[in-house]
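Coordinate analysis (summary)
For reference, the chains in residue letters:
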Amino acid sequence: MNNLRFIFFLALSIAVANPVVAQGVKNGKKGDVFVDDSGVMRWEHNKEEVKGFGVNYSVPFAHAFRSGKKMDVDLKKAMQEDVYHFSRLGFDLYRIHIWDTEISDAEGNLLQNEHLDHFDFLINELKQRGINFVLTPIAYWGGGWPEPDTKTPGFSHKYGKEGSLIHPEAIKAQENYLAQFLEHVNPYTGIAYKDEPNVIAFEVSNEPHHRESPEKVQEFIEKMIASMRSTGTKKPIFYNVTHSIQLAETYAKAGIDGGTFQWYPTGLGFGKELEGNLLPNVNNYEIPFEDVWEEYGLAKLVYEFDAADVMKSYMYPAMARSFRQAGIQIGTHFAYDPTFMAPYNTEYDTHYMNLAYTPSKALALMISGEIFRELPVNARLGTYPANLIGSFSINYEKDLAEMNSEEKFIYTNTTGSQPKNFKKLKQIAGVGSSPVVKYEGKGAYFLDKLEKGVWRLEVMPDAILVENPFGNNSLDKTLAVINHAEWEMKVTLPELGADFSINGLNSGNEVSKNATENGFSVKPGTYILVKNGKKSRSSYKGWSEGDLTAFVAPKTTVDKTYLVHEAVPTLTEGLPHQISATVVSNSPVEKVEAWFRNGNTYESVQLQHKEPYGYGATVPEKLLKNGILEYRIIVTTPEGTNTYPGGQKGNPGEWDFDPDEPYKIRVVETESPVYLFNASEDSENIVARWLPTINTVPAAHPGEAEFRVNVENLFEVDPENTEADAVYDYSFRYNFNRKVQGREEALEDKKHLIFKGKSLNDKPVKLQVALVMDNGRSFGKVIDLQPQMQEYEIDLSELQPVKTVTLPRPYPSFLPLYLEHDIQEEFDLEDAESLQFSIGPDLSESEQQEQHGVGIISVRLE
């Protein structure tokens, strides 16, 4: 696919380098924010547009708070350290839906307890870094998730969300609580929240989901606003408007200053990483009630967004572009994992974000913040994939997002791009290598210019993912580990020269040496790089001593030997194949071997150490014959051997060793068909809107299974958008990139798509079968399935352009079903990456009202 181009003084014991200062000033004289007649938030003191970008983060409450206590974590210190990383990433905005149920009683009285104390402390820490806030006083949630709810004192626990919206006593409790919360004086700042200069706006509550009449809803919102205004606050008051959007005008009439929006373009809770190009899912953030917002002059902010179940870094800058295009001024990602919980990702297992543990994704958020600050609001950027953004670019195939401006060079993975202007460059942040920084490690690094010929270098430790981060997680299950290792780095900045000095800055860092031809070895820490012949100083303009020497990172967490490897499903006999594995251990790795078997042919091969933590080997040719290739990987350290899969102590050469099942690969003949989907193996990876009728059942022949879906109603009224136009379509998708990885060369001569399946309900059904390209364009054909199981042959030359359905379906549900694009590339089988199945195309009006079902055994190419 073509490369898509889209145009810290820390309080107490920690200091932040090069702090991001919120718009305005930090001494409280910037005044409140107001919303002008065109719906734009502006600062009172200078009338400039409000901009901001950051994260949600919830250590003072619920699961994060309880987990920290269980782990004996100093929560205030942990928050300080995470806030340091917020500033490193350039965040200047924070949002939280406050667990009212933990800091209120049933009558809505504010409780002075440890949750409120930790929240106040966090707010002060953020404020010291110039970070602004959007505060949502009411969450309606229980305090349990992901654990069972426990009894809490608040009104939300007594009445629940639905009851809180309609019960008179619950409404009174909320009025009381909102007033008390805004009047509450933070003991760390000495300022009530109603007057806090860093509060940009209040959002009344989190996702209320109104179901009552417009009159009742308007009355409810007016009461909430009146309670908040009774405190004398002049802050803008926002309301959540991405649910029950048929009430958009009701929300506007209630006297709000703006609406809060969410975006989960890849759905939630897939349970594993989603594969394929997901950029079509973030092409456009289309607001159906835009005309209402324009009429009433209301502002927009994003309270939550994430590309859930995605470990790639290319998505966030594209989302930021779409937000700015939609007129959204500020936004906060959901949610940043506290570093002490990040190895386990238990708080929200469909999300995963932390600078130390997900460095590429974190730098993608850093770039997104720059987009929010640089890209004009309501910009018109064209149609996918030609919606470009000057200094910014993304590349799906390389999982790369970049910012390359006159002064900043930020990249989420290895890039070949040259900085735009070496002379004006002031900041570099990256993962991997670039023409400026060559680095072998697996963590993020930051370079900040102190003055000409003097740069500050901060290197984070290596992060290695060892398990699926989006599955069933617990505090006893390690998903990612941190390793402090020493790697080679080469910094090529003309003003530094080739033999600059490197001296440690952070506590305990005694490094003092010179680069050789720009290169040097480096461990995690903070350093000062100085041009040879230039004297370094103890202080630099704009940097306190604490700023200069700051370094925060988790210690090494590697507690055993971990190996990450996934076998390809199928290979073509006689063609070369390499296996690779990631190995990280708390002991030196002495040897990594693979013990192979295919039939009666056995051989062992040593995997070579090719890159940090990366090992690889070529499978011996004699084993690549028609049959089942089985193998195990054995890692040897001074502690002995471990065998994988499973990681058991010992190896298969020991007489009493009882191994787990080996890795297995089907080695097929050259002319064998290429299977794109096989229900017995692939049904769990289908992306579809959940229905109770989805099921996989045994088929008539041993080894086969049938994926079934029965759709009673192709269109159902969405309770969050009851006035939406009817679209009769049920689509589902399967990405086969991994499945065909060992057979790419066999695609060249394939001419036919063979679908094996049937209709359900004892009647025929029209099913559109399409191949989705890696650029988002789809080519398909409708086939008439019969109730009898049989095969259907589609000539690839018969495939025609069809609509691409954005799957998984996003939240909010009002976003477009189909991708709008201007892609002109023709069909090319080598670019295909997914199968899209659709019930709906070519149905008559009467057929659209009927129940339809399909059963699928397989799809293959011949």
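Residues numbered from 1 in each chain as written. Predicted model: local features only at pLDDT ≥ 70, side-chain atom pairs only at ≥ 80, totals over all residues. Heavy atoms only, no water.

**Here we look at the sheet that holds strand E42 (residues 730–735)**
- Strand order in the open sheet made by the 6 strands is E39-E42-E48-E44-E45-E47, with antiparallel pairing throughout. The sheet is open, and its two edges are formed by strand E39 (687–688) and strand E47 (800–802), each paired on a single side.
- Here 6 bridges tie strand E44 (residues 765–773) to strand E48 (residues 832–839), and the two strands are oriented antiparallel to one another. Each bridged residue has a counterpart across the sheet, and for Leu-771 the counterpart in E48 is Leu-835. (Pairing = 2+ DSSP bridges. Helix = DSSP H or I, 4+ residues; strand = E, 2+ residues; numbered from the N terminus.)

**Here we look at unusual backbone geometry**
- Here the amide bond leading from Trp-145 into Pro-146 is cis, since omega sits at 0°, within 30 degrees of zero.
- Looking at the element boundaries, Pro-146 is found in the loop between strand E5 (132–136) and helix H5 (155–166).
- Even without being a glycine, Lys-47 presents a positive backbone phi close to 65°.
- With respect to the element layout, Lys-47 can be found in the loop between strand E2 (41–43) and strand E3 (52–56).
- The phi dihedral of Asp-72 is positive, around 60°, even though this residue is not glycine.
- Following the sequence through the fold, Asp-72 ends up in the loop between helix H1 (62–70) and helix H2 (75–88).

**Here's the deal with the sheet that holds strand E13 (residues 392–395)**
- Sheet architecture is open: 9 strands sit in the order E13-E14-E15-E16-E18-E19-E26-E23-E24, paired in mixed fashion. This sheet does not close on itself; its edge strands, each paired only once, are E13 and strand E24 (512–514). Averaged over all adjacent pairs, the angle separating strand axes in this sheet is 15°, with direction ignored.
- Two elements, strand E23 (residues 501–504) and strand E26 (residues 525–530), share 4 bridges in a ladder whose sense is antiparallel. Within E26, the residue paired with Asn-503 across the bridge is Ile-528.
- Sheet strands touched by H2: strand E16 (427–430), strand E18 (445–451) and strand E19 (454–459). Its angle to E19, the strand with the most contacts, is close to 130°.
- Sitting on the sheet, helix H11 (residues 359–374) is in contact with E13, strand E14 (400–404), strand E15 (408–411), E16 and E18, with an inclination near 135° to E15. (Axes fitted to C-alpha atoms, helices over the stretch in contact; angles between N-to-C directions. Contact = heavy atoms within 4.5 Å.)

**Let's talk about the packing of aromatic side chains**
- Under the defined criterion, the tally for this structure stands at 46 aromatic pairs.
- Taking the centre distance of 5.2 Å and the plane angle of 90° together, the rings of Tyr-57 and Phe-86 count as edge-to-face. Of this pair, Tyr-57 sits in the loop between E3 and H1 while Phe-86 sits in helix H2, and the two are 29 residues apart along the sequence.
- Since its relative accessible area comes to 2%, Tyr-57 is described here as buried.
- The interplanar angle of 25° and the centroid separation of 5.1 Å between the aromatic rings of Phe-732 and Phe-837 together place this pair among those described as stacked. With Phe-732 in strand E42 and Phe-837 in strand E48, this pair connects stretches of sequence that are 105 residues apart. For the pair Phe-732 and Phe-837, a shared accessibility class is recorded, and that class is buried.
- Sitting over the face of the ring of Phe-446, Arg-88 holds its NZ or CZ atom 4.6 Å from the ring centroid.
- Taking the ring centre of Trp-141 as reference, the NZ or CZ of Lys-161 above it sits at 4.8 Å. (Phe/Tyr/Trp six-rings, centres within 6.5 Å; stacked < 30°, edge-to-face > 60°. Buried < 20%, exposed > 50% of the residue type's maximum accessible area, 1.4 Å probe, protein only. Lys NZ or Arg CZ within 6 Å of the ring centre and 35° of its normal.)

**Some points on the pairing of strand E31 (residues 601–606)**
- Both strand E30 (residues 591–598) and E31 contribute to a ladder of 6 bridges, which runs antiparallel. Looking at the pairing, Arg-597 lines up with Tyr-602 of E31.
- In this antiparallel pair of consecutive strands, E30 and E31, the connection spans 2 residues, and Gly-599 shows a positive phi of 65°.

**Quick notes on the packing of helix H10 (residues 315–325) against H11**
- Contact geometry of H10 with H11 gives a least axis separation of 8 Å together with a crossing angle of 20°. Comparing their axes, H11 and H10 come out roughly parallel. As for the relative orientation of H10 and H11, their crossing is right-handed in sense. Residues Tyr-316, Pro-317, Ala-320, Arg-321, Phe-323 and Arg-324 of H10 touch H11, and the partners they reach there are Lys-361, Ala-364, Leu-365, Ile-367, Ser-368, Ile-371 and Phe-372.
- Of the residues belonging to the contact of H10 with H11, the class tally is 9 nonpolar, 1 polar and 3 charged. (Parallel < 35°, antiparallel > 145°, perpendicular 65-115°, else oblique. Left-handed = near helix turned anticlockwise from the far one by under 90°. Nonpolar A, V, L, I, M, F, W, Y, C, P; charged D, E, K, R; others polar.)

**Quick look at the pattern of salt bridges**
- Evaluated as defined, the whole model comprises 42 salt bridges.
- The shortest N-O distance in the salt bridge between Lys-424 and Glu-406 comes to 3.8 Å. Here Lys-424, found in the loop between E15 and E16, pairs with Glu-406, found in the loop between E14 and E15; they are 18 residues apart in sequence, far enough to count as distant.
- A relative accessible area of 47% means that Lys-424 is categorised as partly exposed.
- One salt bridge in this structure joins Lys-739 and Glu-681, with 2.7 Å as the shortest N-O distance. Within this pair, whereas Lys-739 is found in the loop between E42 and strand E43 (752–759), its partner Glu-681 is found in helix H13 (residues 679–682), the two being separated by 58 residues in sequence.
- Taken together, the shared-partner salt bridges in this structure form one network comprising Arg-88, Asp-448, Arg-456 and Glu-458. (Salt bridge = Lys/Arg side-chain N within 4 Å of Asp/Glu carboxyl O.)

**Description of the nonpolar core**
- Within the largest apolar cluster, 137 residues are counted, with the highest numbers of intra-cluster contacts made by Phe-119, Leu-135, Phe-181, Tyr-285 and Phe-289.
- Setting aside its immediate chain neighbours within four residues, Tyr-285 contacts Thr-242, Phe-261, Gln-262, Trp-263, Ser-322, Phe-323, Ala-326, Ile-328, Pro-812, Phe-814 and Leu-815. (Core = buried A, V, L, I, M, F, W, Y, C linked by side-chain atoms within 4.5 Å.)

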